[in-house]
Amino acid sequence: MVGSAIHRKLVKEGFDNFLLRTSSELDLRDQSAVRNFFETERPEYIFLAAAKVGGIMANNIYRAEFLHDNLLIQNNVIDSAYRSNAKKLMFLGSSCIYPKLAPQPLHEDSLLTGLLEPTNEPYAIAKIAGIKMCEAYRAQYGCNFISVMPTNLYGPNDNYDLNNSHVLPAMIRKFHEAKEENKPFVELWGTGSPLREFLHADDLADACYFLMQNYDEPAFLNVGVGADVSIKTLAEMIQRVTGYSGEIHWNTDKPDGTPRKLMDVSKLHALGWKHRVELEDGIAVTYQDFLQKIETYAV
C-alpha cells in the first residue's frame, strides 16, 4: 500500500528512473540477496516502506515473525544503503513505537519513556531498532538517513484479509460481506471507545516526497493528520459508505488495544506540510479499491 502510493506520487512528479522489485523477486530478509542488489543497482534514494504488518490479532499471534522478519528487512536495507553510498534513505516506522500510556498527543520526545502496548510489542521493538539504526549510521558514518513515523494508514492496495489486516480495511470487508449476505449484525472487537488517527496512503506519500527534499535532521518526525476518531465513529462511517443497514455488536471480551494514539504533528506542520484527504472521503475511495479486488478475498 505505502510503496505503491510513493511510486504513484513520484511518477506524478515526473520521476521515471525506478528500481522496483516485488517481494518474490527480492526477499529483503536475505542479506546476501539485498547486498547483491545494492552493489549491482546502486540506488541513490531509498524509501524503506517494506515491513511485515498486521492488526492486533496478527501482531499477537505471530510475535516471533514480526520481530524477526522486520529486523532482518530493515537491517539489510539500511546497512546495504550505507555500503553502496546511497545519497539518502527514509525509514518508515509506526505510531506503535510509543509507550502505551504516553501523554497525548504523542510527541517525538515520548519515545522510550514507558512500557509498550503488549499486543504489538514485537513490531514496535523492531521499528524502534530501525530508528536507532538510522541515527547510529548517521552518527558513525555520516549517512543522510532519516526516519518518519506515520499514524494508522489506509488506502488503495490495502490488505483486506480478516486474519492479518488492520482495523479500517477489516471493517470495510466485514460490513460489505454483511450487506451482501443480509446479516442482521456485524460483530466488532472491543468496546469501540479507543481513539485512533487515520492517514490516507496518498497523503503519506506526499509527506514522504516533501520530507525527502526538505528534511535532513537526525530526529525522526511524526506524520499524521493531528485529529482522531473513536473506533465506534469509524465503524459508523464505514457502515454509511458501504451501505450496510444492520446493527453493530461490540464483543467486549476481545481487547481494545492502546486506549488512544494521536500524533503530535506540530513539527511537520511547522515545516509546511499538512494532510489533504478527509477520512470519510478517503474511506469511500478505499471501498472502491476493495470492490475491485473483491474476488481475491472471496470466502
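Structure: see above.
Calculation rules
Residues numbered from 1 in each chain as written. Predicted model: local features only at pLDDT ≥ 70, side-chain atom pairs only at ≥ 80, totals over all residues. Heavy atoms only, no water. Patch = residues over 30% accessible without salt bridge, like charges linked within 9 Å, V, L, I, M, F, W, Y side chains within 5 Å. Areas by Shrake-Rupley, 256 points an atom, 1.4 Å probe, with all protein chains shown as cover. Salt bridge = Lys/Arg side-chain N within 4 Å of Asp/Glu carboxyl O. Helix = DSSP H or I, 4+ residues; strand = E, 2+ residues; numbered from the N terminus. Axes fitted to C-alpha atoms, helices over the stretch in contact; angles between N-to-C directions. Left-handed = near helix turned anticlockwise from the far one by under 90°. Contact = heavy atoms within 4.5 Å. Nonpolar A, V, L, I, M, F, W, Y, C, P; charged D, E, K, R; others polar. Phe/Tyr/Trp six-rings, centres within 6.5 Å; stacked < 30°, edge-to-face > 60°. Buried < 20%, exposed > 50% of the residue type's maximum accessible area, 1.4 Å probe, protein only.

A. View of a nonpolar patch on the surface. On the surface, a nonpolar cluster with roughly 360 Å² of combined accessible area is contributed by Met57, Ile61, Tyr62 and Trp189. Within the secondary structure, tyrosine 62 sits in the loop between helix H3 (56–61) and helix H4 (63–83).

B. Broad picture of the packing of helix H2 (residues 31–41) against H4. As a packed pair, H2 and H4 sit with axes 9 Å apart at the nearest point and diverge in direction by 35°. H2 and H4 meet at a crossing whose hand is right-handed. Packed against H2, whose contacting residues are Gln31, Val34, Arg35 and Phe38, the element H4 presents Asn76, Val77, Asp79, Ser80, Ala81 and Arg83 at the interface. Here the residues of the contact of H2 with H4 are counted per class, giving four nonpolar, three polar and three charged.

C. Summary view of the packing of aromatic side chains. All chains considered together, the criterion is met by 11 aromatic pairs. Aromatic pair phenylalanine 37 and phenylalanine 38: ring centres 5.6 Å apart, planes at 85°, arrangement edge-to-face. Each of the two residues, phenylalanine 37 as well as phenylalanine 38, counts as buried. Members of the aromatic cluster, each reached through a chain of ring pairs, are Tyr82, Tyr137, Tyr141 and Phe145.

D. View of unusual backbone geometry. With omega at -5°, the peptide bond leading from glutamine 104 into proline 105 counts as cis. The residue proline 105 is located in the loop between strand E2 (88–92) and helix H5 (121–141) in this model. For asparagine 85, which is not glycine, the phi dihedral falls at a positive 60°. Tracing the backbone shows asparagine 85 in the loop between H4 and E2. Of the residues examined, asparagine 85 reaches a relative accessible area of 61% and is grouped as exposed.

E. Up close: the pattern of salt bridges. This structure, assessed with the given rule, holds 20 salt bridges. Measuring nitrogen to oxygen at the nearest pair gives 3.1 Å for the salt bridge that ties arginine 21 to glutamate 41. Placement of arginine 21 in the loop between helix H1 (2–12) and H2 and of glutamate 41 in helix H2 is noted, with a sequence separation of 20 residues between them. You can call arginine 21 partly exposed: its relative accessible area is 40%. The salt bridge involving glutamate 280 is made with arginine 240; its shortest N-O contact spans 2.9 Å. Within this pair, whereas glutamate 280 is found in helix H10 (residues 279–292), its partner arginine 240 is found in helix H8 (residues 231–242), the two being separated by 40 residues in sequence. A relative accessible area of 51% places arginine 240 in the exposed class. Shared partners join several salt bridges into a network, and the residues in it are Lys9, Glu13 and Asp206.

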